Amino acid sequence: ILVDNLNQNVKGFRDYFRRKNKSNSRCVITSLQANADKDETYNLSYVDNKVSRAILKSGRVKPSMSEITKILYRVNGYPLILRLAVNAVDNGDYTWGEFISDINLPEMEDTERNQLIAKRIIGRYAEDCHELFSYLTCLHSTRCSIAFLRETQIPQYTRLVHSALIMPQANCYYCEIHS
């Protein structure tokens, strides 16, 4: 079993799986958080520079080679941050220069830095999308029904969903929520 992007209660899920596993099945959990014992974890490396450059160049607004170098130095191949940056620049919410300025942080662990960068990017939408974020916080889920978003009549959701910035549309029924 593969459980992708489980960032809360990893130990609880692991314990539940062990109690219910009667077939000697294996479970792999990907998480931003190291919530398991060291002998049960494997630190996956991020995407390499070639893939990172391809992600950065995938948008409509292409960064210069100098900008790519600066971004790669700070983001270190974390694909979610790269995708958030591309979408934010494509939407006109950032320029590449503004993004580089925002990620120019003191030296810190990659995970901590990338979480701070994600908060800064998403923070730009906090005021405009306060009502939507309030709904999402109450859901306690990584998926949200598109019908639910339409029923709440929150106008900001359309821009976020269709730009695939925070809530990329997974299929015609729901969106994924990046926590």
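Please refer to the structure placed before this passage.
Residues numbered from 1 in each chain as written. Predicted model: local features only at pLDDT ≥ 70, side-chain atom pairs only at ≥ 80, totals over all residues. Heavy atoms only, no water.

Chemist: Looking at this model, I keep getting lost on the packing of aromatic side chains. Mind explaining?
Modeler: Counted by the stated rule, this structure contains three aromatic pairs. Seen in terms of ring centroids, Tyr94 and Phe99 are 5.9 Å apart; in terms of plane orientation they differ by 85 degrees. Their pairing is edge-to-face. Phe99 matches Tyr94 in its accessibility class, with the two residues each being buried. Cluster of aromatic residues (ring-pair linked, three or more members): Tyr94, Trp96 and Phe99. (Phe/Tyr/Trp six-rings, centres within 6.5 Å; stacked < 30°, edge-to-face > 60°. Buried < 20%, exposed > 50% of the residue type's maximum accessible area, 1.4 Å probe, protein only.)

Chemist: It is not clear to me how the packing of helix H2 (residues 49–56) against helix H3 (residues 65–75) should be interpreted in this structure. Could you clarify?
Modeler: The geometry of a pair of packed helices is captured by two quantities: the angle between their axes and the separation between those axes. Axis separation between H2 and H3 bottoms out at 11 Å; the angle between their running directions is 125 degrees. It follows from the interaxial angle that H2 and H3 lie oblique. For the crossing formed where H2 meets H3, the hand is right-handed. Of the residues in H3, those touching H2 at Asn49, Ser52, Arg53 and Leu56 are Met65, Ile68, Ile71 and Leu72. Classifying every residue of the contact of H2 with H3 gives five nonpolar, two polar and one charged. (Axes fitted to C-alpha atoms, helices over the stretch in contact; angles between N-to-C directions. Helix = DSSP H or I, 4+ residues; strand = E, 2+ residues; numbered from the N terminus. Parallel < 35°, antiparallel > 145°, perpendicular 65-115°, else oblique. Left-handed = near helix turned anticlockwise from the far one by under 90°. Contact = heavy atoms within 4.5 Å. Nonpolar A, V, L, I, M, F, W, Y, C, P; charged D, E, K, R; others polar.)

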